[in-house]
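Reading the structure
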Amino acid sequence: MSVKPIFFALDSKKLSDFDVELKMLKGHIYGVKVGLELFTSEGPSAVEELKKDGWNVFLDLKLHDIPNTVQAATVNAGNIGADFLTIHIASGKEALDAAQENKAKNIKILGVSSALTSKASTPTTSDEVLKDFLIAKESKIDGVICPPSEIVSTKKLFNLIVTPGIRLENDDIDDQKNTTTPELAIQSGADYLVMGRSLRNNIEYVIKELKL
Ligand code: C5P
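Each value, and the rule that gives it
Residues numbered from 1 in each chain as written. Predicted model: local features only at pLDDT ≥ 70, side-chain atom pairs only at ≥ 80, totals over all residues. Heavy atoms only, no water. Axes fitted to C-alpha atoms, helices over the stretch in contact; angles between N-to-C directions. Helix = DSSP H or I, 4+ residues; strand = E, 2+ residues; numbered from the N terminus. Parallel < 35°, antiparallel > 145°, perpendicular 65-115°, else oblique. Left-handed = near helix turned anticlockwise from the far one by under 90°. Contact = heavy atoms within 4.5 Å. Nonpolar A, V, L, I, M, F, W, Y, C, P; charged D, E, K, R; others polar. Near = heavy atom within 4 Å. Polar contact = N/O pair within 3.5 Å; in protein donor to acceptor, adjacent residues only side chain to side chain. Areas by Shrake-Rupley, 256 points an atom, 1.4 Å probe, with all protein chains shown as cover.

The contact between helix α4 (residues 67-79) and helix α5 (residues 93-102) brings their axes to 8 Å, and the two run at 30°. Relative to α5, the element α4 lies roughly parallel. For the crossing formed where α4 meets α5, the hand is right-handed. Where α4 approaches α5, its residues P67, V70, Q71, T74 and V75 are matched on the opposing element by E94, A95, A98, A99 and N102. Across the contact of α4 with α5, the residue classes tally to 6 nonpolar, 3 polar and 1 charged.

For the ligand, the set of nearby residues contains 14 residues, the closest of which are D11, K33, T117, Q176 and R197. Between the ligand and the protein, one listed contact pairs an oxygen atom with a side-chain N or O atom of D11 at 2.7 Å. K33 is positioned such that a nitrogen or oxygen atom in its side chain is 2.8 Å from an oxygen atom of the ligand. Here the ligand has 470 Å² of accessible area as a free molecule, and 86% of this is covered by the chains.

Take a look at the structure:
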């Protein structure tokens, strides 16, 4: 059985809302993502519980603060077992460096641009993302969260690219505006995909038929 390079976004107030899905997906996908909604509701215990169950955990907190605070939060995220953590590149090179230099070995730092996938892809988006990613590159963090429209150009800068805004063909795009299919994202150079609603609504298909 091949493990698909997907993080399942656990976007809900309660981890127990995903009991059925997590059982079905175990062994089929690489990891899970704990974001702002679940973390502000259940806190570190959600991460600790997922780690106990053997999951790779991506803690998507998009930290945006001064270097001292970003660095301290990064150390704490490593201590609770997170394997990946997001930091806003807008926090600045100094904050990214502080996090990277003081992080626990187990955790990978991913930079986030302000150009979220809920914004449409325009030439301005590309400029905004490139400007952010050049700062991220200087800081030597592990990788970036990259919108679908920018994967190809970003591959020249980073070896670790994680892409949200993923929709299966004919899926509703909901609040996302910069989207692509799982197959195209991987072919373009993404290393991991973040999938929330599109995965939750099509689990059997993703497990049995999606070829990545
Ligand atoms: O349900 P859907 O697949 O749209 O969920 C996407 C997930 O990825 C959400 O948890 C969202 O917070 C996250 N994300 C995103 N765009 C970014 C960064 C993170 O959609 N640029």
